[in-house]
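What follows is each chain in one-letter form.
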Amino acid sequence: MQTDQLRQILADLPVPAVRAFDTIGSTNDEALAWAEAGAEDGSLVVADQQTMGRGRLGRSWVTNPGAALAFSLILRPPVAEQENLGLFSPLAGLAVCLALQALNLPAEIKWPNDVLLARRKTCGILAESAWQAGQLHGVVVGIGINVTPASVPPSDQVQFPATCVEAQLDKPLDRWELLHAVLESFFEWRNRLGSVEFIQAWEESLAFIGEPVTLKNSGGQSFSGILQGINAQGNLRLRLADGMEKLVSVGDVHLRPDGG
Ligand code: BTN
């Protein structure tokens, strides 16, 4: 996909500039450098293939040519929006989930932001912020969506079972239409970031509600319980075995369904 064609496809969206690459290391790295160099809010980096794609917690993310959507959106949040900085990844997850639901796919969100189809991971999100002298310089929201079967990593290389959109849709999909739908939904919900409706929409698409799950934080601590939902602050509500409710905030947390 050429940059000019992509600009045309996205012309009705608040995307002021686009950089499209056949092959790149990581769209997030390109976007972080571009943000540093003064990219405008809504600028977009897209790649057909990534050779050094990055996932959360230092993991790698493979993007094979023509098989996936890999893109990074540069945001320059105004001060008021910076209060909800932690909600940019869930916003991206919600946007992908709603775009897939619009294709009649039963997409769900594995809290906080992975998107699942048939309980298998179809999309991962890596949001990174750039700070300069204590000031927020920009946020990069990187989104990777598995589209064709060639995008699905072998099962021994993933932490959570994976699938792709086409496997669930049973027909080929225009990747650029999906990109448009995701960005449209992202910008629409960005206006309501952190609102009651935002939390509601996030919770409505949440997977594993009422089911036993285990959450592990980056310190290795685990909490098991029945997943209740999301509170107004965006924390996950977990009912522990002793009946107490535990709140877990968005961060370096893994959620796993028990026995799943
Ligand atoms: C994860 O689930 O671990 C997050 C994966 C994020 C992958 C995307 S693909 C586009 C962007 N560029 C990167 O290098 N990573 C993100």
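Refer to the structure presented above.
Residues numbered from 1 in each chain as written. Predicted model: local features only at pLDDT ≥ 70, side-chain atom pairs only at ≥ 80, totals over all residues. Heavy atoms only, no water.

Participant: So, the nonpolar core: which residues are in play, and what are the values?
Facilitator: One finds Phe71, Trp111, Ile143, Ile145, Leu179 and Leu183 to be the most contacted residues of the largest nonpolar core, which totals 66 residues. Per-element accounting of this core gives the leading share, nine residues, to helix H4 (residues 88-101). In terms of domain composition, this core takes at least three residues from each of domain 1 (3-204) and domain 2 (212-257). The contacts of Phe71, once residues within four sequence positions are left out, are Thr27, Leu44, Val45, Val46, Val141, Gly142, Ile143, Ile145, Leu179, Val182 and Leu183. Formed by ten residues, the second largest nonpolar core is a distinct cluster that contains Ala17, Trp34, Ala35 and Ala39. (Core = buried A, V, L, I, M, F, W, Y, C linked by side-chain atoms within 4.5 Å. Buried < 20%, exposed > 50% of the residue type's maximum accessible area, 1.4 Å probe, protein only. Helix = DSSP H or I, 4+ residues; strand = E, 2+ residues; numbered from the N terminus. Domains from an automatic or database assignment. Contact = heavy atoms within 4.5 Å.)

Participant: Tell me what's going on with the sheet that holds strand S9 (residues 222-230), and back it up with residues and numbers.
Facilitator: Taken together, five strands build an open sheet; the order of strands is S11-S10-S9-S8-S12 and the sheet is antiparallel. Looking at strand neighbours, the two that pair on one side only are strand S11 (245-248) and strand S12 (253-257), the edges of this open sheet. In this sheet, adjacent strand axes meet at a mean angle of 45 degrees when their direction is disregarded. Two strands pair when backbone bridges link them, and strand S10 (residues 236-239) and S11 are joined in this way by four bridges, in the antiparallel orientation. In the sheet register, Leu238 faces S11, and the bridge partner there is Lys246. Across the sheet, helix H7 (residues 196-204) is in contact with S9 and S10; its angle to S9 comes to roughly 120 degrees. (Pairing = 2+ DSSP bridges. Axes fitted to C-alpha atoms, helices over the stretch in contact; angles between N-to-C directions.)

Function-wise, these values are silent; they only describe arrangement.
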